[in-house]
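Each chain is listed here by its residues.
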Amino acid sequence: MSLFTGLEAQVRENEPLGPMTWLGIGGPARYFIEPATAEALKQAALRCRENGLGVFVLGGGANLLIDDAGVKGAVIRLNGPEFARISICEGQIRAGAYFDMGKLVLRCVREGLSGLEALTGIPGTVGGCVRMNAGGAFGDIASAIKTVQIMTSDGEIFTRLREDMAFGYRSSNIAGKFILSAEFQLSEDDPHRILKQVKEIWMFKKNTQPLSKSTAGCTFKNPRGMSAGALIDRAGLKGRRVGGACVSERHANFIIADEGTTAADVLKLINVIRDTVHEKSGVYLELEIEVW
Ligand SMILES: Cc1cc2nc3c(=O)[nH]c(=O)nc-3n(C[C@H](O)[C@H](O)[C@H](O)COP(=O)(O)OP(=O)(O)OC[C@H]3O[C@@H](n4cnc5c(N)ncnc54)[C@H](O)[C@@H]3O)c2cc1C
């Protein structure tokens, strides 16, 4: 622990990461750090830099596959109370990076604030959803973002305006390692109308996605103008299995990790899908999930 002398209270060694992800698999983090405050985060980030440790920021783990060998560097999770705060004022919500996205959508319904309905049924934290520009057919989070508060790897904090950031399909150009919070500009609306839309989106997801299984959501990005799920389905891969990992029968772009699945199973299945789809349709699928 000598690398983190003085910061021991927030650092654990060889911490299993699988249980912190939605897939539920993968090895440990060499160093796992949970700073309680922004100041503690700064100290931890500086220590990682001084020691040349690679830093990975963990949100809700809904878009991640952790390798069986784990992560050699430091994994930092901002789950202290300071990072899970929320404040609401005149149609604007500021939410900490670790605030749960599902809870934020429901809070908006209660407050009669419209703009985040498209995030219904998307698991994760505000930080993860902003970094990924989470969304889908109903819209994405970028359209509601007003500002994002960020900390760099050397502990400098600054705020970026929506117009100074670029958001793309499941991506953002946010420079700065840590998203600390985000502010959303929403519009007042009838809570019943918002709830109706949230329910419709939820029912759509429930009927089309394997929501009760261990997955990381869509495995591949949709190629321009095409659906990755449809390409995988047309390649005859629904139900294809490698070890404990299998292609969902309900939504072909979801890989399900049954009990006993290893990350190696999932990675092999990803290669099988890529090769088969490429062979049958000439399209090379790009990963949407991140592999650590
Ligand atoms: C059942 C299911 C359905 C899904 N459906 C959708 C969908 O419809 N649309 C969609 O877009 N996604 C979907 N996903 C994927 C996932 O919900 C999103 O990618 C979400 O944004 C991940 O958030 P997270 O907090 O879990 O981030 P993580 O998975 O923990 O991390 C994702 C990325 O964000 C970074 N990150 C996380 N927190 C921070 C932070 N505070 N500061 C800086 N970087 C950070 C991580 O380093 C990583 O690069 C689905 C996943 C599941 C399991």
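Rules and cut-offs
Residues numbered from 1 in each chain as written. Predicted model: local features only at pLDDT ≥ 70, side-chain atom pairs only at ≥ 80, totals over all residues. Heavy atoms only, no water. Helix = DSSP H or I, 4+ residues; strand = E, 2+ residues; numbered from the N terminus. Rg over C-alpha atoms; globule rule 2.2 N^0.38 Å. Buried < 20%, exposed > 50% of the residue type's maximum accessible area, 1.4 Å probe, protein only. Contact = heavy atoms within 4.5 Å. Areas by Shrake-Rupley, 256 points an atom, 1.4 Å probe, with all protein chains shown as cover. Lys, Arg positive; Asp, Glu negative; His and termini not counted. Charge placed at Lys NZ, Arg CZ, Asp CG, Glu CD. Salt bridge = Lys/Arg side-chain N within 4 Å of Asp/Glu carboxyl O. 1 Å grid on protein atoms, 1.4 Å probe; cavity = no way out; pocket = protein on both sides within 12 Å on 5 of 7 lines; lining within 4 Å. Points joined across faces, edges and corners; volume = space filled by probe spheres on them. Nonpolar A, V, L, I, M, F, W, Y, C, P; charged D, E, K, R; others polar. Core = buried A, V, L, I, M, F, W, Y, C linked by side-chain atoms within 4.5 Å. Pairing = 2+ DSSP bridges. Phe/Tyr/Trp six-rings, centres within 6.5 Å; stacked < 30°, edge-to-face > 60°. Lys NZ or Arg CZ within 6 Å of the ring centre and 35° of its normal.

S.K.: Mind laying out the overall build of the protein, listing which residues take part and the relevant values?
M.R.: Helix and strand content of the protein: six helices and 20 strands. By the compact-globule yardstick of 19 Å for 292 residues, the protein fits well, its C-alpha radius of gyration being 20 Å. With respect to the three principal axes, the spread of C-alpha positions in the protein is 55 × 55 × 30 Å. Per-residue burial for the protein yields a buried fraction of 49% across its 292 residues. Restricting the contact set of the protein to residue pairs at least 6 apart, pairs at least 24 apart contribute 64%. Of the accessible surface of the protein, which amounts to about 13500 Å², a share of 50% is contributed by carbon and sulfur atoms. Taking the average place of the 34 positive charges on the side chains of the protein and the average place of its 33 negative ones, the gap between the two points comes to 3 Å.

S.K.: How would you summarise the pattern of salt bridges if you had to cite specific residues and measurements?
M.R.: The full count for this structure, using the stated rule, is 13 salt bridges. Where R12 meets E15, a salt bridge forms, and the shortest distance between an N and an O atom there is 3.1 Å. Judged by its relative accessible area of 34%, R12 falls in the partly exposed class. For E15, a relative accessible area of 17% gives the class buried. A salt bridge links E183 to R94, with the nearest nitrogen and oxygen atoms 3.6 Å apart. One end of the pair, E183, is in strand β15 (residues 178-185); the other, R94, is in strand β7 (residues 92-96), with 89 residues separating them in the sequence. Judged by its relative accessible area of 12%, E183 is buried.

S.K.: Lay out the layout of surface pockets with the relevant residues and their values.
M.R.: Here the second largest pocket is characterised by a volume of approximately 190 Å³. Lining the second largest pocket, in full, are A38, E82, F83, R85, I86, S87, R94, A95, G96, Q149, L180 and S181. Counting only elements with at least two residues in the lining of the second largest pocket, the list comes to β6 (86-89), β7 and β15. In terms of residue count, β7 provides more of the lining of the second largest pocket than any other element does, three residues in total. Residue composition of the lining of the second largest pocket, by class: five nonpolar, four polar and three charged.

S.K.: Please give an account of the nonpolar core that cites residues and values.
M.R.: In this structure, L116, V130 and F184 are the most contacted members of the largest nonpolar core, which totals 32 residues. Among the secondary structure elements, those contributing two or more residues to this core are β7, α2 (101-111), α3 (126-132), β11 (145-151), β15 and α4 (191-208). Tallying contributions element by element places α2 first for this core, with five residues. Grouped together as the second largest cluster of nonpolar side chains are 25 residues, A228, L237, V283 and L285 included.

S.K.: Can you explain the pairing of strand β5 (residues 71-77)? Please cite residues and give values.
M.R.: Within β5, six of the seven residues are buried, which leaves it mostly tucked inside the rest of the structure. As paired strands, strand β2 (residues 28-33) and β5 are joined by four bridges and run parallel to one another. Directly across from A29, in β5, lies its bridge partner V71. As judged from the four bridges shared by strand β3 (residues 55-58) and β5, these two strands associate in the parallel manner.

S.K.: Explain the packing of aromatic side chains to me, and be specific about the residues and the numbers.
M.R.: The full count for this structure, using the stated rule, is three aromatic pairs. Ring plane angle 80° and centroid distance 5.6 Å describe the contact between F138 and F204, whose orientation is recorded as edge-to-face. Of the two residues, F138 is situated in the loop between β9 (135-136) and β10 (139-140) and F204 in helix α4; the sequence distance between them amounts to 66 residues. On the basis of relative accessibility, which here comes to 43%, the residue F204 falls in the partly exposed class. Positioned above the aromatic ring of Y31 is the side chain of R30, whose terminal nitrogen or guanidinium carbon lies 4.6 Å from the ring centre.

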